[in-house]
Amino acid sequence: MTRPIRAATLVHAARMLRRRPAFAGFALALVTVGAAAATAILAVAHATLLRPLPYRQPEALHDLAVDLRQSARVAQRSAISARELVAWRGASRTLAAVGGYAPTTVAVTGNGSAEAVAGMLVSAGLFELVGASPQLGREFRRDEEVATSAVAVISERLWATRFARDPAVLQRTLMVDNEARQIVGVMPARFSLFFQPADVWLPMVLSADRLRGPVRTFSAVGRLRPGVSAAQLATDLAQLEATLVQEEPDVYRGATPVATPLREALLGNQRATISILLVAVLLLVGIGAMNVAGLSAADAVAQQTTTMMRLALGAHPVHVMSLRVAEGAVLALLALPPALAGAALLLAAARALNPGLIVGPEALADLPVIAYAVGAVAVMGVLTMLPAALADARLEIASLAGAASKATGTRRERASRDVILGAQVAITVVLLVAATLLTRNLGALLDRWPGFEQRGVVVAPLAPSRAARETVQDRARRVERILAEVQQVPGVAHAATIQTRFVLNENMQSAIDIDGRPAEAGSQLTANIRHVSPAIFAVLKTRLVAGRTFDETDREGARVVAVVNESFARQLLAGAPPLGARIRRANRADAPWMDIVGVVEDVADAGAGVALGPTLYVSYLQQNTPTARVTVVARTPGDPAALADPVRRAIWRADPDQAIESTLPLEALVARSVAEPRLRAMLVGLFGASGLLLVLTGVHATTQHAVVRRTREIGIRSALGATPRSLLVDTLVGSVRPAIIGLGAGVVLAVPTVAGLQAYVREPVRPSDAPVVLLVVIVFVVLALIAAWLPARHAIRISPTIAMRA
Amino acid sequence: MTTPGDALITLEGLGKTFLTDEVETRALVDVSLTVAVGEFVAISGPSGCGKTTLLSILGLLDTPSAGRYRLAGEDVTGLTATERARVRNRQIGFIFQAFNLIGELTVEENVALPLTYRGMTVTEQRERVADALARVGMSHRLKHYPAQLSGGQQQRVAVARAVAGKPAILLADEPTGNLDSANGEQVMALLAALHGAGSTICMVTHDPRYARLADREVHLFDGALAAPAGAA
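Residues numbered from 1 in each chain as written. Chains lettered and ligands numbered in written order. Predicted model: local features only at pLDDT ≥ 70, side-chain atom pairs only at ≥ 80, totals over all residues. Heavy atoms only, no water.

1. Considerations on the overall build of chain A
Counting its regular elements, chain A contains 21 helices and 23 strands. Within chain A, buried positions represent 51% of all 806 residues. Taking the contacts inside chain A whose residues are at least 6 apart along the sequence as the reference set, 81% of them involve residues at least 24 apart. (Helix = DSSP H or I, 4+ residues; strand = E, 2+ residues; numbered from the N terminus. Buried < 20%, exposed > 50% of the residue type's maximum accessible area, 1.4 Å probe, protein only. Contact = heavy atoms within 4.5 Å.)

Take a look at the structure:
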């Protein structure tokens, strides 16, 4: 017979919980924390693993790339060329449509201050291919895939901020990289292609003059025709590629087209991580529920007399059970709002630490995710009270006369509880050790000297200028004008430019030749390249190892010079004196030989702990290209954040149309470069802390359960002469023993874990980390003892007169 | 060192009051009593008269609200919880109505339990346990658990536990209350034998048949002694 839980039952249950505030508070806190963690990770899993991609018939979409096999075993996945895109789009028999895209940054001016925004070059028909339509206007036509087309599609955000949602925006123009472009479309709010936000979409240039050469810069997507298999698609693309090989064998020989389902290509690398996180969270939530269940079982024993009175007065066991389930429902109802808020906080924190995450707090607006949250609190709430309900159902009225529990628990019950607790402790110790080492690694990354002094520097990356008519001298003069203005800003001690944005793993490389040291047959020497202004090493406080740095005389027309870093000298010059050695950029007929005039220490400008290797510095005043990025860096003895606005205004005084991507302290950029290790440390730390909380709850619950169940036994022992101290020790040992066994297992398991961690950290784990791990273990033991001691104190308060009761 | 005839227990004006919320219950009122070494005293009276409360105070399980209590010449009225535990362990043996054996321990472990709290060596514990179990005729059930024994056997084990530490006095609270008459007779015969061997026993009972086995019977009524009490 079942009986539905009525509103009156819920009210009654709420009143009963209110009378046990300690238990109710504890259970509520654990249900909330567990449900928040579960909801956050389920939101991520929903967005990445479960929800279909937000495009029409997404299962038909395939990512298209080529495999430029470097050797028989090493594959190198690469973007495709304009010619491949055009060929596949025009002649594929298996693909209904093919589109290309390439993310970029553009400078937007007019109708407001100059702004560097995310943009994307797209081929005609790409929006239609994925099933998206502009909310105003149209997308690009094939005839607009030429250099002279001056059209743009803008985002809803840009429409709102630059054009105040003007309905006639399609009659207006937007200045993009100093070129006026006719706005032909406005995309809907929150639209993005392949999780890459953009405010401006520009047509790709696919004119005949762009279809030759080895440049591969486009990503591509194709829509499979109905009924076509993956094998047919591969054959089709291979045949198309074979045609290209015949036409341009030097460019296309060895390139194999690769088609991957779009979901796999976009999210495949996140799937394993998310699946592991999902399992970890569910495991923790399960353990948490188990521990709260332990508490509720103890609560059931404590409430035994009341429950048996109900049964004696005629209550049906189902009614008694439903009261417990109703208590779980009340806990779930109370936990839902804070659990949702907690999940939002977790997602916001994760995104703040790693802005690249595609899922944020907005994911909680999805109905399925809210349903997950409701499910999580409901399951945890009911699981929490289920043991109590089952215990109540097993009560026999006949034992009402001796309601104070005489049972001391079976050995089997106690053993299973001990095994669960020991396993929790082992898992938690592994997590805590991993979290500690990851945090130490993060600290080591930030402490390591990167080859520059990060304090007191403001960094302002400028959007690249696409003005094709500028000469080397024009660009040099423009940079000099900007630096002259920035130098005038009060508080600026030095200013310079460098071709880097101090962004993680962003790097520029160049093929080089070294005079008198030809590369081995079939290989090419490469080095990182940085176009810099003369004062850069002074601004960054980078140590000069030998020779000199650049000066104002190193400009066009003078002897062409270069500065290299220590790795360059060591690895590429193999011990030969670097000063006076000659190098040049390879594959360029007009590239001049450069004399190395100086050696500086290695500078890690692509993220803390990221070793760049050989790096070549050239003077921007002497050599530069339109694509050589310019980033202004200015040093101040004061607060660099205070310089952000004055520096921005100084740049605009020199060039009112210069778009500035950002103005941030260098320290903030370095910190951002460790977002991933920070997120990893935070996640593992969060799991470790959750595990610790759950384990302490488990120790607490086990002890409390033991004290409640053993009340009579403790009274008897006391009557037989056990001192309060021995009772306390006996209770503590009984609870902490499985935790200590779990601790030993955890330490053993931590060894392979630490070995596995080596692959994920930029700083190796060292033997000197051992004391920190030991400290974690000691802290854990102390906390476990405290968690057990709190309820164990009740053991010594049990009156021995309980033994006198029949 | 006490010898037969000396006062083992002396109660002077003992009182016990329980306070529950605003209700005050006087469980014992001005109880004065002396129990001599080697004496067998039965405490009887109607339900709620304070028998169990008196036995709890005699066994140092509870403390009096008024009066003085001397055990073997020592004033034990104001001892701390730890000191009371030590005296209980060394001087007092308990036999409870509900046997109170610990379900997870074997017969041997149950009997040895009070000895473990003394820090006695394992060898000595084994000797004492073997001796005690032999006295109650339960040596053959050494490794059994309580659930494997009958009620009468459990109570005999409880008696063995009470005497294993060679206490100065045995306190028995309705020792036959949970037993049928046959087993009750056996347990009472056991207590009589112990008394015959020199043990001092205080037994709470409301069964006149068993009360008559004692040297002296003390009646309680509404927390007070109902008849003059003195040494037998």
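That was the structure; now back to the text.
2. Some thoughts on the sheet that holds strand β3 (residues 40-44) of chain B
Residues and elements named next belong to chain B. Spatially, six strands are ordered β6-β7-β8-β3-β9-β10 in an open sheet, and the strand pairing comes out mixed. Of all the strands in the sheet, just β6 (92-95) and β10 (224-225) have a single pairing partner and so form its edges. Across the face of the sheet, helix α5 (residues 151-164) comes into contact with β6 and β7 (169-173) while running at roughly 170° to β6. (Pairing = 2+ DSSP bridges. Axes fitted to C-alpha atoms, helices over the stretch in contact; angles between N-to-C directions.)

3. What to know about the interface of chain A and chain B
On the chain B side, the residues contacting the 24 residues of chain A number 24 residues. Across the chain A-chain B interface, the total number found is zero salt bridges. With six residues, the single largest contributor to the side of chain A that touches chain B is helix α19 (residues 711-719) of chain A. Here the side of chain A that touches chain B is composed, by residue class, of nine nonpolar, nine polar and six charged. (Salt bridge = Lys/Arg side-chain N within 4 Å of Asp/Glu carboxyl O. Nonpolar A, V, L, I, M, F, W, Y, C, P; charged D, E, K, R; others polar.)

4. Here we look at the sheet that holds strand β1 (residues 7-20) of chain B
Residues and elements named next belong to chain B. The sheet built from four strands is open, its strands ordered β2-β1-β4-β5 with antiparallel pairing. Looking at the sheet topology across the chains shown, the edges are occupied by β2 (23-36) and β5 (74-75). Examined bridge by bridge, β1 and β2 share ten bridges and lie antiparallel to one another. Bridge pairing in β2 links L19 to E24. Lying on the sheet, helix α1 (residues 51-58) is in contact with β1, β2 and β4 (66-71); it crosses β1 at an angle near 120°.

5. Comments concerning the confidence of the model for chain A
Summing up the model confidence of chain A, the mean pLDDT is 81 and the portion of residues at 70 or higher is 88%. In this model residues 70-75 of chain A is a low-confidence stretch, pLDDT under 50, and it forms four contacts with partners more than four residues away in sequence or in other chains. (pLDDT = per-residue confidence, 0-100.)

6. Structural notes on the side chain of E713 of chain A
Position of E713 of chain A relative to the elements: it lies in helix α19. A polar contact is formed between the side chain of E713 of chain A and the side chain of R717 of chain A, at a distance of 2.8 Å. (Polar contact = N/O pair within 3.5 Å; in protein donor to acceptor, adjacent residues only side chain to side chain.)

7. Points about a nonpolar patch on the surface
All names here are of chain A. Residues L774, I778, V782, I786, W789 and L790 make up a contiguous nonpolar surface patch of about 520 Å² in total accessible area. Among the secondary structure elements, I778 is positioned in helix α21 (residues 770-792). A relative accessible area of 45% places I778 in the partly exposed class. (Patch = residues over 30% accessible without salt bridge, like charges linked within 9 Å, V, L, I, M, F, W, Y side chains within 5 Å. Areas by Shrake-Rupley, 256 points an atom, 1.4 Å probe, with all protein chains shown as cover.)

8. Side note on helix α20 (residues 724-757) of chain A
With 34 residues, α20 of chain A extends 47 Å between its outermost C-alpha atoms, agreeing within 8% with the 50 Å of an ideal straight helix rising 1.5 Å per residue. The principal kink in α20 of chain A, of about 35°, is found at V736 of chain A, preceding the proline P738 of chain A by one to four residues. (Expected span 1.5 Å × (residues − 1). Bend = angle between axes of the 7 residues up to and from the residue.)

9. Observations regarding the confidence of the model for chain B
Considering every residue of chain B, the mean pLDDT works out to 89; 95% of them sit at 70 or more. Segment residues 228-232 of chain B: pLDDT under 50, and six contacts once partners within four positions in sequence are set aside and those in other chains are kept.

10. Let's talk about the environment of V419 of chain A
Residues and elements named next belong to chain A. Mapped onto the secondary structure, V419 falls in helix α12 (residues 411-447). For V419, a relative accessible area of 58% puts it in the exposed group. Each C-alpha atom, one on V419 and one on G742, is 8.5 Å from the other, the two residues being 323 residues apart in sequence.

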